[in-house]
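# A structural walkthrough
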Amino acid sequence: MSISMAICETECGNALCRRQKENVLKVLVRDPGNYGDAAEFDVIIALNDALRMFGDADGFVKRNKIGKDVCTLHYDMIRDDNDRSVLEKAMTRNFTGWVDVSKMNGADAKALISMSSPEDRQTEWDMLSFDEMGEVCKKCRLSWDKGRGCLGSFGPDNSALPEIASRHGCKITASVPAGVSAGRVYTKDDAVILCGEIAVLRNALAAEGKQAVHRYGGAVDRLEAVAKISAEEGCGFRFF
């Protein structure tokens, strides 16, 4: 297992992704049927049920280019207009669980979002492709991991760096394993302390030998980048 580290980018006024990450488009719910037109659904039919409605099953499959691994047909998979008109009355709605908050009134949408957990939300940022995300990150001054974003690797969960840090009085770095377990969010004040630990850690690794420098030097560089951004922007950071 590995440990990652990241700044709390949505706390930063300079984060280019902030507006998109804060713009929630959809929320995953347990009871989508209660949300009327805001509830998203797929229109589906089992392939075997669909084939029984046609005398020429092979022709239906060829016309609509249905793959051999398909068991369920979605409405937009049916290419032939005539076939679609035959099937649409037999097709059923299958709720996806997602609710489009733009189709709710403002107060209800706000309440639903506030009651949801972050992992049950889709934001405008989530709708971007990886390439599109990458282009935003390249332009962002908070992209501390060599322009690839504001999240990167601390190292394996059995890294000796926290233990080395503990022996040299570097309490923030030493606390990383406990911080992961507790879900701790470090503050900008912790970032200032971490900035002061960097030189100590580099000297400690040099004293440990070349192998330690090789193994953990990169992690210290990344810690420094996170600490500087957090201190400058006044945002938190975390390990997970």
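Please refer to the structure placed before this passage.
Conventions we followed
- Residues numbered from 1 in each chain as written.
- Predicted model: local features only at pLDDT ≥ 70, side-chain atom pairs only at ≥ 80, totals over all residues.
- Heavy atoms only, no water.
- Axes fitted to C-alpha atoms, helices over the stretch in contact; angles between N-to-C directions.
- Helix = DSSP H or I, 4+ residues; strand = E, 2+ residues; numbered from the N terminus.
- Parallel < 35°, antiparallel > 145°, perpendicular 65-115°, else oblique.
- Left-handed = near helix turned anticlockwise from the far one by under 90°.
- Contact = heavy atoms within 4.5 Å.
- Nonpolar A, V, L, I, M, F, W, Y, C, P; charged D, E, K, R; others polar.
- Polar contact = N/O pair within 3.5 Å; in protein donor to acceptor, adjacent residues only side chain to side chain.
- Expected span 1.5 Å × (residues − 1).
- Bend = angle between axes of the 7 residues up to and from the residue.
- Buried < 20%, exposed > 50% of the residue type's maximum accessible area, 1.4 Å probe, protein only.
- Core = buried A, V, L, I, M, F, W, Y, C linked by side-chain atoms within 4.5 Å.
- Phe/Tyr/Trp six-rings, centres within 6.5 Å; stacked < 30°, edge-to-face > 60°.
- Pairing = 2+ DSSP bridges.
- Salt bridge = Lys/Arg side-chain N within 4 Å of Asp/Glu carboxyl O.

### Overview of the packing of helix H10 (residues 188–208) against helix H11 (residues 210–233)
Where H10 contacts H11, the axes come no closer than 8 Å and their chain directions differ by 160°. In terms of orientation, H10 and H11 fall into the roughly antiparallel class. As for how H10 packs across H11, the hand of that crossing is left-handed. Contacts between H10 and H11 pair Lys 188, Ala 191, Val 192, Leu 194, Cys 195, Ile 198, Leu 201, Arg 202, Leu 205, Ala 206 and Glu 208 from the former with Ala 212, Val 213, Tyr 216, Gly 217, Val 220, Asp 221, Leu 223, Glu 224, Ala 227, Lys 228, Ser 230 and Ala 231 from the latter. Grouping the amino acids of the contact of H10 with H11 by side-chain chemistry returns 15 nonpolar, 2 polar and 6 charged.

### Focus: the side chain of Ser 143
Its location among the elements puts Ser 143 in the loop between helix H6 (130–139) and strand E7 (151–156). In this structure the side chain of Ser 143 is engaged in a polar contact, spanning 2.7 Å, whose partner is the backbone nitrogen of Gly 149. With near-sequence residues (within four places) excluded, Ser 143 lies in contact with Cys 137, Arg 148, Gly 149 and Cys 150.

### Observations regarding H11
The terminal C-alpha atoms of H11, which comprises 24 residues, lie 34 Å apart, in line with the 34 Å expected from a rise of 1.5 Å per residue. The axis of H11 is deflected most strongly, by about 45°, at Tyr 216. Inspection of H11 places Ala 212, Tyr 216, Gly 217, Ala 219, Val 220, Leu 223, Ala 225, Val 226, Ala 227, Ile 229, Ser 230 and Glu 233 among the buried residues, and these make up the whole buried set.

### Side note on the nonpolar core
If you look at the biggest cluster of nonpolar residues, it comprises 40 residues, and the most contacted ones within it are Ile 7, Trp 144, Phe 154, Leu 161, Leu 223, Phe 237 and Phe 239. Elements with a minimum of two residues in this core: strand E1 (2–7), H6, helix H7 (161–167), H10, H11 and strand E9 (237–239). The greatest single-element share of this core, amounting to 9 residues, is contributed by H11. Ala 50, Leu 51, Leu 73 and Met 91 belong to the second largest nonpolar core, which has 12 residues in total.

### Some details on the packing of aromatic side chains
Within this structure, the stated rule accounts for 5 aromatic pairs. Here Tyr 186 and Phe 237 contribute two aromatic rings whose centre-to-centre distance is 5.0 Å and whose plane-to-plane angle is 15°, an arrangement assigned as stacked. Linking Tyr 186 in strand E8 (residues 185–186) with Phe 237 in strand E9, this pair joins segments that are 51 residues apart in sequence. Overall, the relative accessible area of 1% leaves Tyr 186 in the buried class.

### Quick notes on the sheet that holds E1
Read from one edge of the open sheet, 4 strands run E7-E1-E9-E8, paired in antiparallel fashion. At either margin of the open sheet sits one strand with a lone partner, and together these are E7 and E8. Here E1 pairs with E9 via 3 bridges, running antiparallel. Within E9, the position partnered with Ala 6 by the bridge is Arg 238.

### What to know about the sheet that holds strand E6 (residues 121–123)
Spatially, the 5 strands line up as an open sheet ordered E4-E3-E5-E2-E6, and their pairing is antiparallel. On the outer flanks of this sheet lie strand E4 (72–74) and E6, each paired with one strand and no other. The sheet shows a mean angle of 35° between the axes of neighbouring strands, direction not considered. Alignment of strand E3 (residues 39–46) against strand E5 (residues 92–100), held across 5 bridges, turns out to be antiparallel. Directly across from Val 43, in E5, lies its bridge partner Arg 93. Lying on the sheet, helix H5 (residues 106–115) is in contact with strand E2 (24–28), E5 and E6; it crosses E2 at an angle near 60°.

### Describing the pattern of salt bridges
By the definition in use, this model includes 17 salt bridges. One salt bridge connects Arg 19 with Glu 124, and the closest N-O pair in it is separated by 3.0 Å. Of this pair, Arg 19 sits in helix H1 (residues 18–22) while Glu 124 sits in the loop between E6 and H6, and the two are 105 residues apart along the sequence. Overall, the relative accessible area of 54% leaves Arg 19 in the exposed class. The exposure class assigned to Glu 124 is partly exposed, which follows from its relative accessible area of 21%. The network of salt bridges with shared partners includes Arg 202, Asp 221, Glu 224 and Lys 228.

### A few points about the pairing of E2
Where E2 and E6 come together, 3 bridges link them in antiparallel fashion. Looking across to E6, one finds that Lys 26 is bridged to Gln 122. In this structure, E2 lies alongside E5, joined through 3 bridges in antiparallel fashion. Its bridge partner being in E5, Leu 28 is matched across the sheet by Trp 98.

Purely geometric numbers; function is a separate question.
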